[in-house]
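One letter stands for each residue in the lines below.
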Amino acid sequence: DAGITQSPRYKITETGRQVTLMCHQTWSHSYMFWYRQDLGHGLRLIYYSAAADITDKGEVPDGYVVSRSKTENFPLTLESATRSQTSVYFCASSVGYKETQYFGPGTRLLVL
Amino acid sequence: GNSVTQMEGPVTLSEEAFLTINCTYTATGYPSLFWYVQYPGEGLQLLLKATKADDKGSNKGFEATYRKETTSFHLEKGSVQVSDSAVYFCALNTNAGKSTFGDGTTLTVKP
């Protein structure tokens, strides 16, 4: 049982490039989330999804795009990467909106 | 909007000391409250949770009680071990799926 996986685990890119971070869960959880973790800011919600084809903005959505055509996948795209998007990105999933979230191992992104 | 405030860290304790990490929150409605733990290089994992007022969550010797009157969910452990060294996050979930996390408290336990 793979649970929730993220790829790539590490990524270096340049300013202005498009980057897509992948998230896949095997539990058929309805809810999926994307967070970024930065020193001094804890975790901040970027986007979340309540079901396939339903997404909504979180606290810091600017510069990011998400889609969810299948329940198990929730990719996050940085359309034109900026240095301020250097961070560790975590994907998570849950059965319901007030339930425990299960986190992936994270993707460390460096934008040069 | 919703918010979670954790006591500032880092916290350094000797093995077998008593641990308290304070957490207070502001939220509309009736949130579920969580403590997550993050070990180096890993994602967060649930430590304990409480879904309604006066509920006590517990796991691995850690406890926290949902106090609606003081809007608090303080984490406690009677005797910490070196293996408890990690970053601890208080969090809440409300309606519509939006979740809010505290900034995290780094705990270091020395032998």
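Residues numbered from 1 in each chain as written. Chains lettered and ligands numbered in written order. Predicted model: local features only at pLDDT ≥ 70, side-chain atom pairs only at ≥ 80, totals over all residues. Heavy atoms only, no water.

Considerations on the overall build of chain A
The number of helices and strands found in chain A is 0 helices and 11 strands. The N-to-C order of helical and strand elements in chain A reads β-β-β-β-β-β-β-β-β-β-β. Overall, chain A is about 35 × 25 × 25 Å in size when its C-alpha atoms are taken along their principal axes. Looking at chain A residue by residue over its 112 residues, the buried ones come to 49%. Taking the intrachain contacts of chain A between residues at least 6 apart in sequence as the baseline, contacts between residues at least 24 apart amount to 55%. Total accessible area on chain A stands at roughly 5,400 Å², and carbon and sulfur atoms take up 49% of it. Positive and negative charge centroids in chain A, built from 11 and 10 side chains respectively, lie 6 Å apart. (Helix = DSSP H or I, 4+ residues; strand = E, 2+ residues; numbered from the N terminus. Buried < 20%, exposed > 50% of the residue type's maximum accessible area, 1.4 Å probe, protein only. Contact = heavy atoms within 4.5 Å. Areas by Shrake-Rupley, 256 points an atom, 1.4 Å probe, with all protein chains shown as cover. Lys, Arg positive; Asp, Glu negative; His and termini not counted. Charge placed at Lys NZ, Arg CZ, Asp CG, Glu CD.)

Focus on the state of the cysteines
Residue and element names in this part refer to chain A. What the rule picks out here adds up to 2 disulfides over all chains. Linked covalently through their sulfurs, Cys23 and Cys91 form a disulfide whose S-S length is 1.8 Å. Its torsion about the S-S bond being -75°, the disulfide of Cys23 and Cys91 is classed as left-handed. With Cys23 in strand β3 (residues 19-25) and Cys91 in strand β9 (residues 87-94), this pair connects stretches of sequence that are 68 residues apart. (Disulfide = S-S within 2.5 Å.)

Looking at the pattern of salt bridges
Under the defined criterion, the tally for this structure stands at 7 salt bridges over all chains. Close ionic contact of Arg44 of chain A with Asp38 of chain A constitutes a salt bridge, the shortest N to O distance being 3.0 Å. For Asp38 of chain A, a relative accessible area of 14% corresponds to the buried category. Here Lys56 of chain B and Glu63 of chain B are joined by a salt bridge, their closest N and O atoms 3.7 Å apart. The exposure class assigned to Lys56 of chain B is exposed, which follows from its relative accessible area of 51%. Beyond isolated ion pairs, a larger network of salt bridges with shared partners links Arg36, Asp38 and Arg44 of chain A. (Salt bridge = Lys/Arg side-chain N within 4 Å of Asp/Glu carboxyl O.)

Overview of the environment of Lys77 of chain B
Residue and element names in this part refer to chain B. Its location among the elements puts Lys77 in strand β9 (residues 75-77). Judged by its relative accessible area of 9%, Lys77 falls in the buried class. Spatially, the C-alpha atoms of Lys77 and Thr5 are 19 Å apart, while their sequence positions differ by 72 residues. Once you skip the residues sitting within four places of it in the chain, Lys77 turns out to touch Ala17, Phe18, Leu19, Lys60, Gly61, Phe62 and Asp84. Separated by 2.7 Å, the side chains of Lys77 and Asp84 make a polar contact. (Polar contact = N/O pair within 3.5 Å; in protein donor to acceptor, adjacent residues only side chain to side chain.)

Considerations on unusual backbone geometry
For the bond running from Ser7 of chain A to Pro8 of chain A, omega is -10°, close enough to zero to count as cis. For Pro8 of chain A, the position within the fold is in the loop between β1 (4-7) and β2 (10-13). The phi dihedral of Glu16 of chain B is positive, around 80°, even though this residue is not glycine. Tracing the backbone through its elements, the reader meets Glu16 of chain B in the loop between β2 (11-14) and β3 (19-21). Classification of Glu16 of chain B as exposed rests on a relative accessible area of 61%.

Comments concerning the side chain of Arg68 of chain A
All names here are of chain A. Along the chain, Arg68 turns up in the loop between β7 (64-66) and β8 (76-78). Comment: no salt bridge for buried Arg68; closest opposite-charge side chain is Glu72, at 7.3 Å. One polar contact links the side chain of Arg68 to the main-chain carbonyl oxygen of Ser30, over a distance of 2.5 Å.

A short note on the sheet that holds β7 of chain A
Within a beta sheet, neighbouring strands are joined by backbone hydrogen bonds and run either parallel or antiparallel to one another. Residue and element names in this part refer to chain A. With antiparallel pairing, the 4 strands of this open sheet are ordered in space as β1-β3-β8-β7. A single partner strand is all that each edge strand has here, and the edge strands are β1 and β7. Shown here is a sheet whose adjacent strand axes are inclined to one another by a mean of 20°, direction ignored. Strand direction decides the pairing type here: β3 and β8, joined by 3 bridges, are antiparallel. (Pairing = 2+ DSSP bridges. Axes fitted to C-alpha atoms, helices over the stretch in contact; angles between N-to-C directions.)

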